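Descriptive analysis of the structure
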Amino acid sequence: MKELSIENIEITNEDVLVTYTPSSDVINYSYIIVKDGVNGSSNYVNSNKISNILLEDTGTYKIIITTTNPKGVKKVITSGEYKIDKESPIINIKNKTYKIKSNQTIDFMEGVTASDITDGDLTNKIETNIDDLDLSHEGIKTIEYSVSDSAGNKVTETAFITVTRDNTNLIRLGQIGIVITAMLIILFLVKYIRSIKLEKRFSRYTINSSKNKSISLFDNLYYQYLDFVSKLSKSLSKSAFLKKRSNRYNKYECFYNKEYNAMDFMARKIIVGFIYIVVACLAKLVNSSILTVFEMIIPFIIGFYTLDIIYIYKYTMYKKKIENDMLNAITIMNNAFKAGRSIVQAVDLVTIELKGPIAKEFKKIHTEISLGLDVEVAFKRFADRINISEAVYLTSSLSVLNKTGGNIIKVFDSIEKNVFMRKKLQDELKTLTSSSKLITYVLIFVPIIFIIFIGIINKEYFNPLFENPLGIILMLIMLIIYITYIIIVKRLMKVRI
(Lines give C-alpha, C1' and ligand atoms only; values in the text may rest on other atoms or scores of the structure.)
Protein backbone atom coordinates (compact mmCIF):
# COMPACT_ATOMS: atom_id res chain seq x y z
CA MET A 1 0.00 0.00 0.00
CA LYS A 2 1.36 3.36 -1.00
CA GLU A 3 0.27 6.91 -0.35
CA LEU A 4 -0.56 9.01 -3.37
CA SER A 5 2.68 10.61 -4.52
CA ILE A 6 3.48 13.17 -7.21
CA GLU A 7 6.85 11.46 -7.81
CA ASN A 8 7.44 8.48 -10.12
CA ILE A 9 7.36 5.10 -8.39
CA GLU A 10 9.87 2.37 -9.28
CA ILE A 11 8.65 -0.37 -11.62
CA THR A 12 7.21 -3.48 -9.94
CA ASN A 13 5.64 -6.78 -10.87
CA GLU A 14 3.09 -6.72 -8.04
CA ASP A 15 -0.29 -5.09 -7.56
CA VAL A 16 -0.13 -1.48 -6.34
CA LEU A 17 -2.67 -0.19 -3.84
CA VAL A 18 -2.63 3.63 -3.78
CA THR A 19 -4.22 5.38 -0.80
CA TYR A 20 -5.49 8.94 -1.20
CA THR A 21 -6.19 10.86 2.03
CA PRO A 22 -7.95 14.16 1.29
CA SER A 23 -7.17 17.27 3.35
CA SER A 24 -9.64 18.54 5.94
CA ASP A 25 -10.96 21.35 3.72
CA VAL A 26 -12.10 18.94 0.97
CA ILE A 27 -15.84 18.27 0.96
CA ASN A 28 -15.86 16.01 -2.16
CA TYR A 29 -13.55 14.84 -4.90
CA SER A 30 -13.32 12.69 -8.03
CA TYR A 31 -10.46 10.71 -9.50
CA ILE A 32 -9.59 9.28 -12.91
CA ILE A 33 -7.14 6.43 -13.51
CA VAL A 34 -5.06 7.05 -16.64
CA LYS A 35 -3.52 3.85 -18.05
CA ASP A 36 -0.91 4.12 -20.82
CA GLY A 37 -2.17 7.62 -21.67
CA VAL A 38 -5.84 6.60 -21.89
CA ASN A 39 -8.31 8.07 -19.36
CA GLY A 40 -10.51 5.66 -17.55
CA SER A 41 -13.92 6.31 -16.04
CA SER A 42 -14.36 9.01 -13.39
CA ASN A 43 -15.01 7.95 -9.80
CA TYR A 44 -16.88 10.48 -7.60
CA VAL A 45 -16.60 10.54 -3.79
CA ASN A 46 -19.12 12.87 -2.06
CA SER A 47 -17.31 13.00 1.25
CA ASN A 48 -13.94 13.43 2.86
CA LYS A 49 -13.32 9.70 3.10
CA ILE A 50 -10.06 7.99 2.23
CA SER A 51 -9.99 6.13 -1.15
CA ASN A 52 -7.95 3.01 -1.89
CA ILE A 53 -7.18 2.70 -5.61
CA LEU A 54 -6.00 -0.74 -6.82
CA LEU A 55 -3.71 -0.97 -9.85
CA GLU A 56 -3.24 -4.62 -10.93
CA ASP A 57 -2.67 -4.90 -14.69
CA THR A 58 0.53 -4.35 -16.62
CA GLY A 59 0.91 -0.73 -17.73
CA THR A 60 1.93 2.84 -16.80
CA TYR A 61 -0.59 4.56 -14.56
CA LYS A 62 -1.35 8.11 -13.42
CA ILE A 63 -4.10 9.23 -11.08
CA ILE A 64 -5.78 12.62 -11.60
CA ILE A 65 -7.76 13.86 -8.58
CA THR A 66 -10.08 16.88 -8.67
CA THR A 67 -11.02 18.22 -5.18
CA THR A 68 -13.69 20.74 -4.14
CA ASN A 69 -13.52 22.88 -0.94
CA PRO A 70 -16.50 24.45 0.89
CA LYS A 71 -16.17 27.65 -1.15
CA GLY A 72 -16.56 25.61 -4.40
CA VAL A 73 -12.96 26.07 -5.44
CA LYS A 74 -11.65 23.08 -7.44
CA LYS A 75 -8.08 21.85 -7.32
CA VAL A 76 -6.44 19.26 -9.60
CA ILE A 77 -3.78 16.89 -8.23
CA THR A 78 -1.81 14.68 -10.63
CA SER A 79 0.16 11.77 -9.24
CA GLY A 80 3.50 10.48 -10.48
CA GLU A 81 3.77 7.38 -12.67
CA TYR A 82 3.14 3.92 -11.31
CA LYS A 83 4.73 1.27 -13.57
CA ILE A 84 3.52 -2.31 -13.30
CA ASP A 85 5.15 -5.04 -15.40
CA LYS A 86 3.81 -8.55 -14.94
CA GLU A 87 4.89 -9.80 -18.39
CA SER A 88 7.88 -12.13 -18.26
CA PRO A 89 10.72 -11.69 -20.74
CA ILE A 90 10.96 -14.01 -23.77
CA ILE A 91 14.03 -16.16 -24.48
CA ASN A 92 14.47 -17.38 -28.05
CA ILE A 93 16.76 -20.40 -28.51
CA LYS A 94 17.75 -21.32 -32.06
CA ASN A 95 19.07 -24.79 -31.18
CA LYS A 96 17.31 -26.65 -28.38
CA THR A 97 19.42 -29.77 -28.89
CA TYR A 98 23.20 -30.00 -29.15
CA LYS A 99 25.25 -33.04 -30.00
CA ILE A 100 28.89 -32.70 -29.03
CA LYS A 101 31.84 -34.89 -28.26
CA SER A 102 33.33 -35.04 -24.77
CA ASN A 103 35.38 -31.94 -23.86
CA GLN A 104 34.41 -30.25 -27.14
CA THR A 105 34.18 -26.46 -26.86
CA ILE A 106 31.16 -24.79 -28.41
CA ASP A 107 29.45 -21.40 -28.06
CA PHE A 108 26.13 -22.23 -26.39
CA MET A 109 25.06 -18.56 -26.51
CA GLU A 110 25.05 -18.47 -30.30
CA GLY A 111 21.50 -17.97 -31.55
CA VAL A 112 20.14 -17.25 -28.03
CA THR A 113 18.34 -13.91 -27.55
CA ALA A 114 16.08 -12.37 -24.89
CA SER A 115 13.64 -9.46 -25.05
CA ASP A 116 11.09 -7.78 -22.81
CA ILE A 117 8.12 -5.52 -23.56
CA THR A 118 9.31 -2.87 -21.08
CA ASP A 119 13.10 -3.27 -21.03
CA GLY A 120 13.65 -4.21 -24.67
CA ASP A 121 16.72 -6.33 -25.51
CA LEU A 122 17.96 -8.37 -22.52
CA THR A 123 20.37 -10.70 -24.39
CA ASN A 124 23.38 -9.41 -22.43
CA LYS A 125 21.67 -10.27 -19.13
CA ILE A 126 21.09 -13.96 -19.92
CA GLU A 127 22.61 -16.32 -17.36
CA THR A 128 23.37 -20.04 -17.88
CA ASN A 129 24.46 -23.01 -15.81
CA ILE A 130 27.01 -24.14 -18.41
CA ASP A 131 29.89 -23.77 -15.94
CA ASP A 132 28.21 -26.27 -13.61
CA LEU A 133 27.82 -28.96 -16.27
CA ASP A 134 30.33 -31.79 -16.69
CA LEU A 135 30.83 -32.13 -20.44
CA SER A 136 33.69 -34.60 -20.14
CA HIS A 137 31.42 -37.63 -19.63
CA GLU A 138 28.82 -39.15 -21.91
CA GLY A 139 25.14 -38.52 -21.32
CA ILE A 140 22.36 -36.01 -21.80
CA LYS A 141 22.92 -32.69 -20.03
CA THR A 142 20.36 -29.94 -19.46
CA ILE A 143 21.49 -26.37 -19.99
CA GLU A 144 19.30 -23.63 -18.48
CA TYR A 145 19.01 -20.07 -19.81
CA SER A 146 17.46 -17.54 -17.42
CA VAL A 147 16.92 -13.77 -17.50
CA SER A 148 15.14 -11.22 -15.29
CA ASP A 149 13.70 -7.83 -16.20
CA SER A 150 13.80 -4.66 -14.10
CA ALA A 151 10.42 -5.51 -12.54
CA GLY A 152 11.74 -8.83 -11.21
CA ASN A 153 9.98 -11.09 -13.69
CA LYS A 154 12.16 -14.13 -14.39
CA VAL A 155 11.95 -16.73 -17.13
CA THR A 156 13.93 -19.92 -17.68
CA GLU A 157 14.28 -21.97 -20.87
CA THR A 158 16.12 -25.27 -21.27
CA ALA A 159 18.12 -26.96 -24.01
CA PHE A 160 19.64 -30.43 -24.10
CA ILE A 161 23.23 -31.39 -24.76
CA THR A 162 23.99 -34.95 -25.84
CA VAL A 163 27.62 -35.70 -25.02
CA THR A 164 29.13 -38.61 -26.94
CA ARG A 165 32.50 -40.27 -26.66
CA ASP A 166 35.31 -38.63 -28.60
CA ASN A 167 36.27 -41.33 -31.09
CA THR A 168 38.42 -39.09 -33.26
CA ASN A 169 41.61 -41.09 -32.74
CA LEU A 170 39.80 -44.39 -33.26
CA ILE A 171 38.17 -43.08 -36.44
CA ARG A 172 41.49 -41.85 -37.77
CA LEU A 173 43.09 -45.24 -37.08
CA GLY A 174 40.18 -46.93 -38.86
CA GLN A 175 40.49 -44.61 -41.85
CA ILE A 176 44.25 -45.18 -42.01
CA GLY A 177 43.60 -48.93 -41.78
CA ILE A 178 41.12 -48.75 -44.69
CA VAL A 179 43.63 -46.84 -46.83
CA ILE A 180 46.47 -49.24 -46.00
CA THR A 181 44.27 -52.29 -46.65
CA ALA A 182 43.08 -50.85 -49.96
CA MET A 183 46.70 -50.12 -50.99
CA LEU A 184 47.81 -53.64 -50.03
CA ILE A 185 44.93 -55.18 -52.00
CA ILE A 186 45.78 -53.05 -55.05
CA LEU A 187 49.47 -53.96 -54.73
CA PHE A 188 48.60 -57.63 -54.36
CA LEU A 189 46.31 -57.55 -57.41
CA VAL A 190 48.98 -55.77 -59.48
CA LYS A 191 51.57 -58.42 -58.55
CA TYR A 192 49.04 -61.19 -59.17
CA ILE A 193 48.16 -59.84 -62.62
CA ARG A 194 51.86 -59.46 -63.45
CA SER A 195 52.55 -63.05 -62.37
CA ILE A 196 49.69 -64.29 -64.57
CA LYS A 197 51.09 -62.36 -67.54
CA LEU A 198 54.57 -63.80 -66.93
CA GLU A 199 53.09 -67.27 -66.60
CA LYS A 200 51.35 -66.87 -69.96
CA ARG A 201 54.56 -65.62 -71.58
CA PHE A 202 56.64 -68.57 -70.32
CA SER A 203 53.90 -71.22 -70.66
CA ARG A 204 54.62 -71.61 -74.37
CA TYR A 205 58.18 -72.70 -73.55
CA THR A 206 57.28 -75.08 -70.70
CA ILE A 207 55.48 -78.39 -70.31
CA ASN A 208 52.93 -78.67 -67.51
CA SER A 209 52.95 -81.79 -65.41
CA SER A 210 49.82 -83.92 -65.60
CA LYS A 211 50.04 -84.37 -61.84
CA ASN A 212 49.92 -80.64 -61.14
CA LYS A 213 47.15 -80.26 -58.55
CA SER A 214 47.75 -76.61 -57.67
CA ILE A 215 44.71 -74.32 -57.58
CA SER A 216 44.41 -70.61 -58.18
CA LEU A 217 44.22 -68.05 -55.40
CA PHE A 218 40.57 -67.25 -55.97
CA ASP A 219 39.63 -70.91 -56.08
CA ASN A 220 41.46 -71.38 -52.80
CA LEU A 221 39.54 -68.45 -51.26
CA TYR A 222 36.27 -69.89 -52.58
CA TYR A 223 37.01 -73.32 -51.07
CA GLN A 224 37.86 -71.68 -47.75
CA TYR A 225 34.54 -69.81 -47.91
CA LEU A 226 32.66 -73.06 -48.55
CA ASP A 227 34.50 -74.68 -45.65
CA PHE A 228 33.53 -71.80 -43.37
CA VAL A 229 29.88 -72.05 -44.50
CA SER A 230 29.93 -75.79 -43.77
CA LYS A 231 31.34 -75.27 -40.25
CA LEU A 232 28.85 -72.50 -39.50
CA SER A 233 26.03 -74.67 -40.82
CA LYS A 234 27.02 -77.51 -38.47
CA SER A 235 27.01 -75.10 -35.52
CA LEU A 236 23.58 -73.74 -36.49
CA SER A 237 22.19 -77.26 -36.89
CA LYS A 238 22.45 -77.70 -33.12
CA SER A 239 19.54 -75.27 -32.76
CA ALA A 240 16.18 -77.01 -33.22
CA PHE A 241 14.49 -73.69 -34.01
CA LEU A 242 16.92 -72.79 -36.82
CA LYS A 243 16.82 -76.33 -38.17
CA LYS A 244 13.03 -76.22 -38.35
CA ARG A 245 13.09 -72.74 -39.89
CA SER A 246 15.61 -73.81 -42.55
CA ASN A 247 13.16 -76.38 -43.96
CA ARG A 248 11.37 -73.61 -45.84
CA TYR A 249 14.51 -73.19 -47.96
CA ASN A 250 14.47 -76.77 -49.26
CA LYS A 251 12.63 -75.54 -52.37
CA TYR A 252 15.81 -73.74 -53.50
CA GLU A 253 17.47 -77.08 -54.15
CA CYS A 254 16.64 -76.62 -57.85
CA PHE A 255 19.34 -73.92 -58.15
CA TYR A 256 22.19 -76.20 -57.03
CA ASN A 257 23.75 -78.93 -59.16
CA LYS A 258 25.61 -80.42 -56.21
CA GLU A 259 24.31 -81.66 -52.88
CA TYR A 260 22.15 -78.98 -51.26
CA ASN A 261 21.70 -78.33 -47.55
CA ALA A 262 19.05 -75.84 -46.41
CA MET A 263 21.10 -75.00 -43.31
CA ASP A 264 23.94 -73.84 -45.61
CA PHE A 265 21.53 -71.29 -47.04
CA MET A 266 20.78 -70.05 -43.51
CA ALA A 267 24.53 -69.77 -42.84
CA ARG A 268 25.01 -67.74 -46.04
CA LYS A 269 22.23 -65.36 -44.95
CA ILE A 270 24.01 -64.72 -41.64
CA ILE A 271 27.34 -64.17 -43.43
CA VAL A 272 25.75 -61.64 -45.81
CA GLY A 273 24.21 -59.86 -42.81
CA PHE A 274 27.64 -59.46 -41.18
CA ILE A 275 29.11 -58.30 -44.51
CA TYR A 276 26.49 -55.53 -44.58
CA ILE A 277 27.50 -54.52 -41.05
CA VAL A 278 31.18 -54.34 -42.09
CA VAL A 279 30.29 -52.20 -45.14
CA ALA A 280 28.15 -49.90 -42.97
CA CYS A 281 31.00 -49.56 -40.42
CA LEU A 282 33.48 -48.67 -43.20
CA ALA A 283 31.03 -46.11 -44.61
CA LYS A 284 30.69 -44.55 -41.16
CA LEU A 285 34.45 -44.46 -40.72
CA VAL A 286 34.84 -42.61 -44.01
CA ASN A 287 32.30 -40.05 -42.73
CA SER A 288 34.29 -39.68 -39.47
CA SER A 289 31.82 -41.45 -37.20
CA ILE A 290 31.33 -44.87 -35.64
CA LEU A 291 28.36 -47.20 -36.02
CA THR A 292 26.39 -47.71 -32.80
CA VAL A 293 25.05 -51.08 -31.70
CA PHE A 294 21.49 -50.04 -32.58
CA GLU A 295 22.61 -48.87 -36.04
CA MET A 296 24.17 -52.29 -36.68
CA ILE A 297 20.78 -54.01 -36.44
CA ILE A 298 19.32 -52.42 -39.58
CA PRO A 299 22.21 -53.37 -41.96
CA PHE A 300 22.20 -56.92 -40.55
CA ILE A 301 18.44 -57.31 -41.12
CA ILE A 302 18.74 -55.93 -44.68
CA GLY A 303 21.68 -58.23 -45.42
CA PHE A 304 19.99 -61.22 -43.78
CA TYR A 305 16.95 -60.93 -46.07
CA THR A 306 18.83 -59.92 -49.24
CA LEU A 307 19.30 -63.56 -50.31
CA ASP A 308 15.60 -64.19 -49.64
CA ILE A 309 14.62 -61.39 -52.02
CA ILE A 310 17.01 -62.66 -54.71
CA TYR A 311 15.98 -66.30 -54.39
CA ILE A 312 12.26 -65.55 -54.16
CA TYR A 313 12.54 -63.71 -57.48
CA LYS A 314 14.63 -66.51 -59.03
CA TYR A 315 12.24 -69.17 -57.72
CA THR A 316 9.21 -67.27 -59.05
CA MET A 317 10.82 -67.02 -62.49
CA TYR A 318 11.78 -70.70 -62.28
CA LYS A 319 8.18 -71.70 -61.51
CA LYS A 320 6.85 -69.50 -64.32
CA LYS A 321 9.16 -71.17 -66.85
CA ILE A 322 8.02 -74.60 -65.71
CA GLU A 323 4.38 -73.49 -65.76
CA ASN A 324 4.78 -72.20 -69.33
CA ASP A 325 6.45 -75.47 -70.48
CA MET A 326 4.16 -77.79 -68.56
CA LEU A 327 1.66 -78.06 -71.43
CA ASN A 328 4.47 -79.06 -73.84
CA ALA A 329 5.68 -81.71 -71.37
CA ILE A 330 2.17 -83.19 -71.01
CA THR A 331 1.74 -83.16 -74.80
CA ILE A 332 5.05 -85.02 -75.30
CA MET A 333 4.11 -87.60 -72.64
CA ASN A 334 0.68 -88.07 -74.22
CA ASN A 335 2.22 -88.62 -77.66
CA ALA A 336 4.68 -91.07 -76.13
CA PHE A 337 1.83 -93.05 -74.56
CA LYS A 338 0.04 -93.11 -77.92
CA ALA A 339 3.23 -94.54 -79.44
CA GLY A 340 3.23 -97.30 -76.85
CA ARG A 341 5.98 -95.96 -74.59
CA SER A 342 6.03 -96.48 -70.82
CA ILE A 343 5.91 -93.72 -68.21
CA VAL A 344 9.68 -93.89 -67.67
CA GLN A 345 10.29 -93.59 -71.41
CA ALA A 346 7.79 -90.71 -71.66
CA VAL A 347 9.55 -88.85 -68.86
CA ASP A 348 12.92 -89.46 -70.54
CA LEU A 349 11.53 -88.15 -73.82
CA VAL A 350 10.54 -84.89 -72.12
CA THR A 351 14.12 -84.40 -70.91
CA ILE A 352 15.35 -84.89 -74.48
CA GLU A 353 12.80 -82.75 -76.31
CA LEU A 354 12.60 -79.81 -73.89
CA LYS A 355 15.23 -77.57 -72.34
CA GLY A 356 15.46 -75.39 -69.29
CA PRO A 357 13.94 -75.92 -65.81
CA ILE A 358 11.25 -78.35 -66.99
CA ALA A 359 13.90 -80.68 -68.46
CA LYS A 360 15.91 -80.44 -65.24
CA GLU A 361 12.89 -81.38 -63.10
CA PHE A 362 11.85 -84.29 -65.34
CA LYS A 363 15.43 -85.52 -65.31
CA LYS A 364 15.20 -85.67 -61.50
CA ILE A 365 11.94 -87.62 -61.83
CA HIS A 366 13.57 -90.02 -64.29
CA THR A 367 16.58 -90.52 -62.00
CA GLU A 368 14.36 -91.17 -58.95
CA ILE A 369 12.23 -93.73 -60.85
CA SER A 370 15.36 -95.41 -62.24
CA LEU A 371 16.73 -95.74 -58.71
CA GLY A 372 13.59 -97.64 -57.63
CA LEU A 373 11.29 -94.90 -56.39
CA ASP A 374 7.62 -95.40 -57.20
CA VAL A 375 6.21 -93.29 -60.07
CA GLU A 376 3.52 -91.81 -57.84
CA VAL A 377 6.08 -90.83 -55.17
CA ALA A 378 8.47 -89.33 -57.72
CA PHE A 379 5.76 -87.13 -59.25
CA LYS A 380 4.49 -86.18 -55.78
CA ARG A 381 7.99 -84.97 -54.86
CA PHE A 382 8.00 -82.98 -58.10
CA ALA A 383 4.63 -81.38 -57.23
CA ASP A 384 5.84 -80.51 -53.71
CA ARG A 385 9.00 -78.88 -55.08
CA ILE A 386 7.27 -76.76 -57.71
CA ASN A 387 3.84 -76.28 -56.12
CA ILE A 388 1.92 -75.32 -59.25
CA SER A 389 -1.61 -76.49 -60.04
CA GLU A 390 -0.64 -78.30 -63.28
CA ALA A 391 1.94 -80.41 -61.42
CA VAL A 392 -0.56 -81.24 -58.67
CA TYR A 393 -3.20 -82.12 -61.27
CA LEU A 394 -0.76 -84.40 -63.16
CA THR A 395 0.38 -86.10 -59.93
CA SER A 396 -3.21 -86.73 -58.79
CA SER A 397 -4.15 -88.23 -62.16
CA LEU A 398 -1.15 -90.60 -62.14
CA SER A 399 -1.97 -91.56 -58.55
CA VAL A 400 -5.55 -92.46 -59.51
CA LEU A 401 -4.36 -94.39 -62.57
CA ASN A 402 -1.82 -96.27 -60.46
CA LYS A 403 -4.47 -97.30 -57.91
CA THR A 404 -7.55 -97.91 -60.05
CA GLY A 405 -6.15 -98.45 -63.53
CA GLY A 406 -7.68 -97.03 -66.71
CA ASN A 407 -6.85 -95.80 -70.16
CA ILE A 408 -3.79 -93.60 -69.68
CA ILE A 409 -4.11 -92.13 -73.19
CA LYS A 410 -7.67 -90.88 -72.56
CA VAL A 411 -6.65 -89.52 -69.17
CA PHE A 412 -3.71 -87.62 -70.64
CA ASP A 413 -5.91 -86.35 -73.49
CA SER A 414 -8.21 -84.91 -70.83
CA ILE A 415 -5.25 -83.47 -68.87
CA GLU A 416 -3.78 -81.91 -72.01
CA LYS A 417 -7.13 -80.38 -72.97
CA ASN A 418 -7.80 -79.00 -69.48
CA VAL A 419 -4.29 -77.55 -69.13
CA PHE A 420 -4.56 -76.00 -72.61
CA MET A 421 -7.94 -74.37 -71.78
CA ARG A 422 -6.64 -73.19 -68.43
CA LYS A 423 -3.57 -71.61 -70.01
CA LYS A 424 -5.72 -69.97 -72.68
CA LEU A 425 -8.05 -68.56 -70.01
CA GLN A 426 -5.05 -67.27 -68.02
CA ASP A 427 -3.72 -65.46 -71.09
CA GLU A 428 -7.13 -63.89 -71.74
CA LEU A 429 -7.46 -62.78 -68.11
CA LYS A 430 -3.94 -61.34 -68.20
CA THR A 431 -4.88 -59.31 -71.28
CA LEU A 432 -8.16 -58.09 -69.78
CA THR A 433 -6.66 -57.11 -66.41
CA SER A 434 -3.38 -55.64 -67.68
CA SER A 435 -4.68 -52.04 -67.73
CA SER A 436 -6.15 -52.38 -64.21
CA LYS A 437 -2.87 -53.81 -62.91
CA LEU A 438 -0.95 -50.95 -64.47
CA ILE A 439 -3.22 -48.42 -62.74
CA THR A 440 -2.78 -50.32 -59.46
CA TYR A 441 1.01 -50.25 -59.70
CA VAL A 442 0.94 -46.54 -60.54
CA LEU A 443 -1.21 -45.80 -57.49
CA ILE A 444 1.11 -47.89 -55.30
CA PHE A 445 4.39 -46.33 -56.45
CA VAL A 446 3.32 -42.70 -57.00
CA PRO A 447 3.42 -41.84 -53.24
CA ILE A 448 6.93 -43.32 -52.94
CA ILE A 449 8.18 -41.40 -56.01
CA PHE A 450 6.51 -38.24 -54.68
CA ILE A 451 8.30 -38.61 -51.31
CA ILE A 452 11.66 -39.21 -53.05
CA PHE A 453 11.28 -36.10 -55.23
CA ILE A 454 10.36 -33.91 -52.25
CA GLY A 455 13.32 -35.34 -50.29
CA ILE A 456 15.66 -34.44 -53.17
CA ILE A 457 14.27 -30.90 -53.52
CA ASN A 458 14.08 -30.14 -49.78
CA LYS A 459 15.97 -32.55 -47.51
CA GLU A 460 14.56 -30.98 -44.32
CA TYR A 461 10.91 -31.11 -45.41
CA PHE A 462 10.12 -34.35 -43.54
CA ASN A 463 12.31 -33.59 -40.48
CA PRO A 464 9.33 -32.62 -38.24
CA LEU A 465 7.89 -36.11 -38.71
CA PHE A 466 11.07 -37.68 -37.30
CA GLU A 467 11.77 -35.11 -34.57
CA ASN A 468 8.26 -34.95 -33.09
CA PRO A 469 6.65 -37.94 -31.28
CA LEU A 470 3.31 -37.04 -32.88
CA GLY A 471 5.02 -37.11 -36.30
CA ILE A 472 6.36 -40.61 -35.65
CA ILE A 473 2.86 -41.78 -34.65
CA LEU A 474 1.40 -40.23 -37.82
CA MET A 475 4.08 -41.96 -39.94
CA LEU A 476 3.22 -45.33 -38.39
CA ILE A 477 -0.49 -44.75 -39.03
CA MET A 478 0.20 -43.74 -42.66
CA LEU A 479 2.45 -46.78 -43.14
CA ILE A 480 -0.24 -49.12 -41.77
CA ILE A 481 -2.88 -47.53 -44.04
CA TYR A 482 -0.53 -47.79 -47.05
CA ILE A 483 0.29 -51.46 -46.43
CA THR A 484 -3.40 -52.25 -45.84
CA TYR A 485 -4.25 -50.51 -49.12
CA ILE A 486 -1.66 -52.58 -51.02
CA ILE A 487 -2.92 -55.87 -49.50
CA ILE A 488 -6.57 -55.06 -50.28
CA VAL A 489 -5.82 -54.00 -53.86
CA LYS A 490 -3.65 -57.09 -54.46
CA ARG A 491 -6.41 -59.38 -53.21
CA LEU A 492 -9.08 -57.60 -55.26
CA MET A 493 -6.93 -57.87 -58.40
CA LYS A 494 -6.01 -61.52 -57.85
CA VAL A 495 -8.06 -63.88 -60.01
CA ARG A 496 -8.08 -67.57 -59.18
CA ILE A 497 -8.77 -70.14 -61.88
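Look up a bit, the structure's there.
Residues numbered from 1 in each chain as written. Predicted model: local features only at pLDDT ≥ 70, side-chain atom pairs only at ≥ 80, totals over all residues. Heavy atoms only, no water.

Considerations on a positive patch on the surface
- A surface patch of positive charge is lined by Lys-320, Lys-430, Lys-437 and Lys-490.
- Relative to the helices and strands, Lys-430 is located in helix α10 (residues 408-457).
- Classification of Lys-430 by relative accessible area gives exposed; the value is 57%. (Patch = residues over 30% accessible without salt bridge, like charges linked within 9 Å, V, L, I, M, F, W, Y side chains within 5 Å. Areas by Shrake-Rupley, 256 points an atom, 1.4 Å probe, with all protein chains shown as cover. Salt bridge = Lys/Arg side-chain N within 4 Å of Asp/Glu carboxyl O. Lys, Arg positive; Asp, Glu negative; His and termini not counted. Charge placed at Lys NZ, Arg CZ, Asp CG, Glu CD. Helix = DSSP H or I, 4+ residues; strand = E, 2+ residues; numbered from the N terminus. Buried < 20%, exposed > 50% of the residue type's maximum accessible area, 1.4 Å probe, protein only.)

Some details on the nonpolar core
- Grouped together as the largest cluster of nonpolar side chains are 49 residues, with contacts concentrated most on Met-326, Met-333, Phe-362, Ile-365, Phe-379, Phe-382 and Phe-412.
- Secondary structure elements with two or more residues in this core: α2 (217-236), α4 (262-286), α5 (293-338), α6 (343-353), α7 (357-370), α8 (375-386), α9 (389-404) and α10.
- A per-element tally of this core places α5 first, with 14 residues.
- Sequence-distant contacts of Phe-379, defined by excluding residues within four places in its chain, comprise Met-333, Ile-343, Val-347, Phe-362, Ile-365, Leu-394, Thr-395 and Leu-398.
- Ile-100, Ile-126, Ala-159 and Ile-161 belong to the second-largest nonpolar core, a separate cluster that totals 17 residues. (Core = buried A, V, L, I, M, F, W, Y, C linked by side-chain atoms within 4.5 Å. Contact = heavy atoms within 4.5 Å.)

So, the sheet that holds strand β13 (residues 120-121)
- Read across the sheet, three strands follow the order β10-β12-β13 without closing on themselves; strand pairing throughout is antiparallel. Strands at the two margins of the open sheet, each flanked by one partner only, are β10 (90-93) and β13.
- As defined by bridge partners, β10 adjoins strand β12 (residues 112-116) across four bridges and the pair is classed as antiparallel. Within the sheet, the bridge partner assigned to Ile-91 lies in β12 and is Ala-114. (Pairing = 2+ DSSP bridges.)

Honestly, it's all geometry; don't read function into it.
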